[in-house]
Amino acid sequence: MTPALDLVPIWTAILAVGVFLYVALDGFDLGVGVLYNFIANGRDRDLVISSIAPVWDGNETWLILGGVGLFTAFPVAFAIIIPAVYFPILLMLLALIFRGLAFEFRYRDSEHRTFWDHGFALGSTLAAFSQGVVLGAFIQGFHVDGRHFVGSSFDCFTPFSIATGVSLVAGYALLGACWLIIKTEGDLQLWARRAGRSCLVLTLLAIGGVSVWTPLVDPSIASRWFSWPNIVYLAPVPILTAALAWFEWSTLKNGPDYTPFAGAIGLFSLSYLGIAISFWPMIVPGHFTLEQAASSQSTQAFLLIGTLFLLPTIAVYTAWAYWVFRGKVRADVGYH
Amino acid sequence: MHLDPVLLSRIQFGWVIGWHILLPAFTVGLASFIAFLEGAYALTKRPVFLSLSKFWLGIFAISFGMGVVTGIVMPFQFGTNWSRFADGAANIISPLLAYEGLTAFFLEATFLGILLFGRSLVPPAMHFLAALLVAVGTLFSSFWILSTNSWMQTPAGYQINNGLFYPTDWWQVVFNPSFPYRLTHTVTAFYVTTAFVVLGVGAYTLRRGRAVAEGRTMIRLALFFLLITVPWQMIVGDLHGRNTLEYQPAKLAAIEGLWDGGRGVAASIIGWPDQAKEKNLDEIAIPGLGSLYLTHSWDGAVKGLKDFPPDQRPPVVVVYFSFRIMVGVAMLMLTTVIVGLVLLWKRRLDDSSWYLRLCQLSPCLGFIAVIAGWITTEVGRQPWTIYGLLRTDQSVSPSLTGSDVLLSLCLYVAVYLVIYPVGLSMMLKRVWTGPTADAPAEPIQAGRHKGPIEALPAAETGGAS
């Protein structure tokens, strides 16, 4: 059977956009959580929470879309990767439970506010770290037999994946700091700019470290980047990253409120692109390409019909909600 | 001791979904109730509706938040613990789950933000629309997830190639044979559950004598709503049972505790089903009645458990008793509603302290019935994940060891045992404070209103704006 239209590229694009939106959106509110324990002042803490309270739930929904999107478009990849990262997923889910509930609980359960504050900060950090471990495990690859993961549930914890875990924490913290620059004023904003610069240094070290380490983990990635003429075509990725890093540093220091966030998104985009270049066209590294892992044509078509209408609708009302809560966060629009 | 990853994964799935289902059981109905209150306030401008809406919104925020974070756990379970099922069934069930996210989760999450934090930022009509969209979102969510569950119970519109399921007809997949019944039965159950919570909280509020108008309104709204929905639920339950008789006869036989099938079968009222001896011990049964209510005919044919090989029978005791608990609770519900309406008719409702006290226990009823009903349908479809086609023990992730799952199960147990008591205590605290505690004297106008700065520590509120 030859399909009339190959939907795999479309689903690849939708999934790529969905995962990126998750990383960008939940990235900043998890990042705010990572930074939370470094904010001492109680009033600032409330402002920081209020700046993400109306939007974090919608942001986290992209995680479900990412997970279920993988399940729909490339089910065998879902069935191999998710059991392979059993414990990072478990830790992520439990961490997300704690940090998600802390929004309501720290406000209502004031006797245990310190507990829930830690739940928010550590939960956010652990969720970010776990996602980084998943990324590292993906880069390393999995033991696969046929259509199943056959390694151990602890294979995913290696020095490399721990390093990617820490890297993502730093990256999310950068996004969080940039978000706070948009949403706050005065001393808190100055603090966010300083924190953002520290996070930027850590993020750049992480990007550099993972970029050097990844080709060492996998020779095929090394040849993709360093063989002739690829090295010429792909050189703009690291060059742009370096240029953007310099821009980000200066704009964090004294640029307009919105540009650090844009610059951080740019750094994430380039890193994301780098990972995509390393693995294209594999979805389970070394075992399944996107085409091989794709679900049935009918499945992809059935979901695509609705998605083409629903995804733009979601984009519109999400953007509208951000518009409603635009501007500097105000103390009176927080918890009730 | 041998740790079985299949059994432990089943316990883990039961644990995480059992706790999760309590929240939609409450929030699906509550979202609609809040939309109703917001609409009623917009139409009548009676302050009682606004203070009730704000009161329930506070409770909704807690329960919905818990529903979201425990719900995110669920789709990942398919991958972490049930990857062989996920691989086999993905072509069919994955788009249904994706449609749940696309039609429901974003809608609920985004407009809940507006509903909770946007009252002073958007016009009243938009705020009401947000309430309505959250309610609609919860119903969309119910639609897709119950379609998925129903397809696993009564698969249709598929073919199997090399052990993988492929769709042949999406209409048949989505509207599979048990779906209309399960959807109606479950959503009605959720509405009934919420109404009994409202009844109980109304009774408590009235008895405390602080927010009398709110308490009276809650009790009356709940009783009139339940007058229709409880009998309706019994009719729907009967129809759902007949659907099960047709499509999942082994489950129905376990519900009935019926070992020997045939015509004119007895109705087992109570007894102890013994799976090994293949009979019920100490049984009270009414001859002929079983066929009557199952097939609506005195000599209707019903299959018994012995018509199925022993390895295709569900654990009978669990299914038999959970069903009887559900039906027993339904009888209690009906009695509660009838007594309440009789008292109302005689104008003695608000003074009948004994009845109001009893009503304070009624919030438990719906949750017990929902869990019992869920156990009936989910244990009753064992040993299958996809009924008659894929066995549960063939569905688990091959890489998992028993100790892996034991470890994750322990962590889920520990975390849920922290968050559920805390969440419940916070909701109870809100109930204890009562509806009028933080309701403003005058309605809030549209525009940039400066509200009470409750989120800030008292000492520092002076300088904030």
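Residues numbered from 1 in each chain as written. Chains lettered and ligands numbered in written order. Predicted model: local features only at pLDDT ≥ 70, side-chain atom pairs only at ≥ 80, totals over all residues.

**Points about the overall build of chain A**
Per the secondary structure count, chain A includes 14 helices and four strands. Relative to the 2.2 N^0.38 estimate, which gives 20 Å for 336 residues, the radius of gyration of chain A is 20 Å and therefore close to what a compact globule would have. Oriented by its inertia axes, the alpha-carbon framework of chain A measures out at about 60 × 40 × 40 Å. The buried share of chain A, taken over its 336 residues, is 52%. For chain A, the share of sequence-separated contacts (at least 6 apart) that also reach a separation of at least 24 residues comes to 77%. (Helix = DSSP H or I, 4+ residues; strand = E, 2+ residues; numbered from the N terminus. Rg over C-alpha atoms; globule rule 2.2 N^0.38 Å. Buried ≥ 20, exposed ≤ 12 C-beta atoms within 10 Å, placed from the backbone. Contact = placed C-beta atoms within 7 Å.)

**Some remarks on the overall build of chain B**
Of the regular secondary structure elements, chain B holds 13 helices and eight strands. Looking at chain B as a whole, 52% of its 465 residues are labelled buried.

**Remarks on helix 14 (residues 297-324) of chain A**
Between its first and last C-alpha atoms helix 14 of chain A spans 40 Å; for 28 residues at 1.5 Å apiece the expected length is 40 Å, and the two agree. The principal kink in helix 14 of chain A, of about 40°, is found at T307(A). Among the residues of helix 14 of chain A, T299(A), Q300(A), F302(A), L303(A), T307(A), I314(A), T318(A) and A321(A) are the ones counted as buried. Contacts made by the buried residues of helix 14 of chain A are with helix 1 (8-36) and helix 3 (56-73) of chain A together with helix 3 (83-117), strand 2 (164-167) and helix 5 (170-174) of chain B. (Expected span 1.5 Å × (residues − 1). Bend = angle between axes of the 7 residues up to and from the residue.)

**Examining unusual backbone geometry**
For the bond running from W228(A) to P229(A), omega is 5°, close enough to zero to count as cis. Relative to the helices and strands, P229(A) is located in the loop between helix 9 (219-226) and helix 10 (230-234). Note that the residue after Q382(B), namely P383(B), is joined by a cis bond; omega there is 5°. By the element assignment, P383(B) lies in the loop between helix 12 (363-380) and strand 7 (384-386). For E278(B), which is not glycine, the phi torsion reads 55° and is therefore positive.

**Side note on the interface of chain A and chain B**
Taken residue by residue, the interface counts 66 residues in chain A and 64 residues in chain B. The leading source of residues in the side of chain A that touches chain B is helix 5 (residues 86-108) of chain A, at 14 residues. Tallied by class, the residues present in the side of chain A that touches chain B amount to 37 nonpolar, 20 polar and nine charged. (Nonpolar A, V, L, I, M, F, W, Y, C, P; charged D, E, K, R; others polar.)

**Examining the packing of helix 5 of chain A against helix 13 (residues 402-433) of chain B**
Contact pair helix 5 of chain A / helix 13 of chain B: the axes reach a minimum separation of 11 Å and the direction vectors enclose 10°. Between helix 5 of chain A and helix 13 of chain B, the crossing angle belongs to the class labelled roughly parallel. Along its contact with helix 5 of chain A, which presents Y86(A), L90(A), L94(A), I97(A), L101(A), F105(A) and R108(A), the element helix 13 of chain B presents D404(B), S408(B), L411(B), V415(B), I419(B), V422(B) and M426(B). Of the residues in the contact of helix 5 of chain A with helix 13 of chain B, the class split is 11 nonpolar, one polar and two charged. (Axes fitted to C-alpha atoms, helices over the stretch in contact; angles between N-to-C directions. Parallel < 35°, antiparallel > 145°, perpendicular 65-115°, else oblique.)

**Here's the deal with the environment of A189(B)**
Residues and elements named next belong to chain B. With respect to the helices, strands and loops of the structure, A189 is situated in helix 6 (residues 179-208). You can call A189 buried: it has 25 C-beta atoms within 10 Å. Note: C-alpha distance between A189 and L343 (154 residues apart in sequence) is 25 Å. In this structure A189 touches Q233, A369, V370 and G373, once residues within four positions along its chain are discounted.

**Concerning the pairing of strand 2 of chain B**
Across the two faces of strand 2 of chain B the burial differs, with F165(B) and P167(B) buried and L164(B) and Y166(B) not buried at all. Connecting strand 1 (residues 158-161) of chain B to the antiparallel partner strand 2 of chain B that follows it, the hairpin turn spans two residues, and N162(B) within it adopts a positive phi of roughly 50°. (Pairing = 2+ DSSP bridges.)

**Observations concerning the pairing of strand 4 (residues 267-274) of chain B**
Residues and elements named next belong to chain B. Summarising the sheet, strand 4 and strand 5 (residues 279-286) pair through six bridges and their orientation is antiparallel. The residue of strand 5 that forms the bridge with A267 is I286. What sits between the antiparallel neighbours strand 4 and strand 5 is a turn of four residues, in which E278 has the positive phi angle 55°.

**Describing the environment of T214(A)**
All names here are of chain A. As for its position among the elements, T214 is in helix 8 (residues 186-217). For T214, a count of 20 C-beta atoms within 10 Å gives the class buried. Separated by 97 residues in sequence, T214 and D117 place their C-alpha atoms 36 Å apart.

**Focus: helix 3 of chain A**
Between its first and last C-alpha, helix 3 of chain A extends 26 Å over 18 residues, near the 26 Å set by a 1.5 Å rise per residue. Buried residues dominate helix 3 of chain A, accounting for 18 of its 18 residues.

**Overview of the packing of helix 10 (residues 316-345) of chain B against helix 12 of chain B**
Residues and elements named next belong to chain B. Put simply, helix 10 and helix 12 touch, their axes get as near as 8 Å, and they point 150° apart. The orientation of helix 10 relative to helix 12 falls into the category roughly antiparallel. As for the relative orientation of helix 10 and helix 12, their crossing is left-handed in sense. Listed contacts from helix 12 to V318, V319, S322, F323, I325, M326, V329, A330, L332 and M333 of helix 10 are L365, I368, A369, A372, G373, I375, T376, V379 and G380. Looking at side-chain class alone, the contact of helix 10 with helix 12 contains 15 nonpolar, four polar and no charged residues. (Left-handed = near helix turned anticlockwise from the far one by under 90°.)

**Structural notes on the environment of G58(B)**
Residue and element names in this part refer to chain B. Mapped onto the elements, G58 comes out in helix 2 (residues 47-80). Taking the C-beta count within 10 Å as the criterion, G58 has 21 such neighbours and is therefore assigned buried. Counting along the chain gives 42 residues from G58 to E100, while the straight-line C-alpha distance between them is 25 Å.

**Some thoughts on the confidence of the model for chain B**
Residues and elements named next belong to chain B. For chain B, the mean per-residue pLDDT works out to 87, and 94% of the residues sit at or above 70. Here residues 439-465 is a poorly scored stretch, pLDDT under 50, and it has 36 contacts once near neighbours within four places are set aside; other chains count. This prediction of the complex comes with two scores: 0.88 for pTM and 0.88 for ipTM. (pLDDT = per-residue confidence, 0-100.)

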